[in-house]
Amino acid sequence: QGEASEVAVATPLGTVTIGLHHPIAIVAGPCSVENEEMIVETAMRVKAAGAHFLRGGAYKPRTSPYAFQGHGESALGLLAAAREASGLGIITEVMDAADLSAIVEVADVIQVGARNMQNFSLLKKVGAQDKPVLLKRGISATIEEWLMAAEYIMASGNPNVILCERGIRGYDRQYTRNTLDLSAVPVLRTLTHLPIMVDPSHGTGWAQFVPSMAFASIASGTDSLMIEVHPNPKKALSDGPQSLTPDQFDKLMEELAVIGKVM
Ligand code: PEP
Ligand code: MN
């Protein structure tokens, strides 16, 4: 509570600060890191469009155990290559505390995914390391549960937590994957000093709805956006339907620039 705080993230290109009095921080990239060419190409394209961070999963929390699970540790090396090539900060998810030491070697921000929001032992471990933590809202989590999950991280010694609204489970999955709870943004402002991110990609599940909900996220007062971008969404190994192409991302960034909070 109290003054809105910010999280300063050291990246190869300098410090990017996520918070109320800063330009909207843009996180973009594929759901999964698939191979070196695609992750480096995506990094260069989203950087050219104005993104500050590259996202991409090495360890993927998939509903089905038979779905692509991510390339794991080898994908961390590919993220390191993309970081080196682009200078972008890297955001990637930790699912298992056993992988944390390898992940902190390449990631500038550690993502805890929706499905692990109340994995309290994992929260304590990310709280005991120094990299900022992006805490996604659980699929059916109340705001109170989400804030308490953030408290676990902070109580373990890490004050640098960013809260990411990514849609909650609604009753209609026919037209949207989740229900993006944009009211969470102004509500959080009254409850916490922590910086806020919105992810309209997972929030809607469909690329065609991402731009309008990105605008709506900014209108709701978010400090940052996470947008899935894939060089060939039709061929993506995960979350293709909700991924923008690099050209679509360019267009979105040009349109967002018009409202002035995006650089
Ligand atoms: C992701 O960011 O690719 C992801 C799996 O997100 P979430 O945890 O919000 O489903
Ligand atoms: Mn995804």
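Let me begin by describing the structure that accompanies this report. It should be emphasised that the depicted structure is a prediction, and the values quoted were computed from it without experimental measurement.

Another aspect to go through is the overall build of the protein. When you go through the protein residue by residue, the secondary structure sums to 9 helices and 10 strands. Across its three principal directions, the C-alpha atoms of the protein cover 40 × 40 × 40 Å. The proportion of buried residues among the 263 residues of the protein is 50%. For the protein, long-range pairs separated by at least 24 residues make up 66% of all intrachain contacts whose partners lie at least 6 apart in sequence.

Further remarks concern helix H5 (residues 143-155). If you check H5, its first and last C-alpha atoms are 18 Å apart, about what 13 residues at 1.5 Å a residue would give, namely 18 Å. Within the span of H5, buried status applies to Trp146, Ala149, Ala150, Tyr152 and Ile153. Taken around the axis of H5, the buried residues stretch over an arc of 145°, which confines them to a single face. Residues of H5 that are exposed and point over 90 degrees away from its buried face: Glu144 and Ala155. With its phi angle positive at about 115°, Gly157 sits one or two positions after the end of H5.

Spatial strand order, S3-S4-S5-S6-S7-S8-S9-S10: 8 strands in a closed barrel with parallel pairing. Strand-to-strand, the axes of this sheet are offset by a mean angle of 25°, without reference to chain direction. Pairing geometry for strand S9 (residues 196-198) and strand S10 (residues 224-228), over 2 bridges, is parallel. When the sheet's bridge partners are listed, Met197 is paired in S10 with Ser224.

Moving on: the pairing of strand S6 (residues 109-112). Side-chain alternation along S6 places Val109 and Gln111 on one buried face and Ile110 and Val112 on a second face that is also buried. Of the strand pairs in this sheet, strand S5 (residues 89-93) and S6 are connected by 3 bridges, and their pairing is parallel. Along S6, the bridge assignment pairs Ile91 with Val109. Regarding topology, helix H3 (residues 100-106) serves as the crossover connection from S5 to the parallel S6, and that connection is right-handed. In terms of strand pairing, S6 meets strand S7 (residues 133-136) through 3 bridges, oriented parallel.

End to end, helix H1 (residues 36-49) covers 20 Å across 14 residues, agreeing with the expected 20 Å (1.5 Å per residue, within 8%). Taken together, the buried positions of H1 are Met38, Ile39, Thr42, Ala43, Arg45, Val46 and Ala49. In this structure, the buried side of H1 is in contact with strand S3 (25-29), strand S4 (53-55), helix H2 (73-86) and helix H9 (246-258). Where H1 ends, the next residue or the one after it, Gly50, has phi of about 115°, a positive value.

For Thr179, the location among the structural elements is in the loop between strand S8 (161-165) and helix H6 (184-191). According to the C-beta neighbour criterion, Thr179 is partly exposed, with 15 such atoms within 10 Å. It is 25 Å that separates the C-alpha atoms of Thr179 and Pro246, two residues lying 67 residues apart in sequence. Apart from the residues within four sequence positions on either side, Thr179 is in contact with Gly167, Ile168 and Gly170.

In this fold, Ala10 is placed in strand S1 (residues 6-11). Note: C-alpha distance between Ala10 and Leu88 (78 residues apart in sequence) is 9.9 Å.

Calculation rules
Per chain, the residues get numbers from 1 upward, laid out in the order the sequence is written. The naming scheme follows written order: chains are lettered A onward, ligands numbered 1 onward. Owing to the predicted nature of the model, reporting of local features is limited to residues with pLDDT of at least 70; listing and counting of side-chain atom pairs is limited to 80 or more, with chain, interface and lining totals taken over all residues. Note on conventions: DSSP H or I runs of at least 4 residues are helices, E runs of at least 2 residues are strands, and numbering of each starts at the N terminus. Think of it as a crowd count around each C-beta: if 20 or more other C-beta atoms lie within 10 Å the residue is buried, if 12 or fewer it is exposed, and in between it is partly exposed, with C-beta placed from the backbone throughout. Throughout, a pair of residues is in contact if the C-beta atoms placed from their backbones lie within 7 Å. One less than the number of residues in a helix, times 1.5 Å, gives the span that helix is expected to have. This arc describes the spread of directions from the helix axis toward the C-beta atoms. A pair of strands is considered paired only if DSSP assigns at least 2 bridges between the two. Axis geometry follows a simple rule: fit a line to the C-alpha atoms, using only the stretch in contact for helices, then measure angles between N-to-C directions, giving values from 0 to 180 degrees. Seen with its strands pointing away from the viewer, a crossover is right-handed if its path from the first strand over the helix to the second goes clockwise.

No statement about biological role is implied by the geometric values presented.
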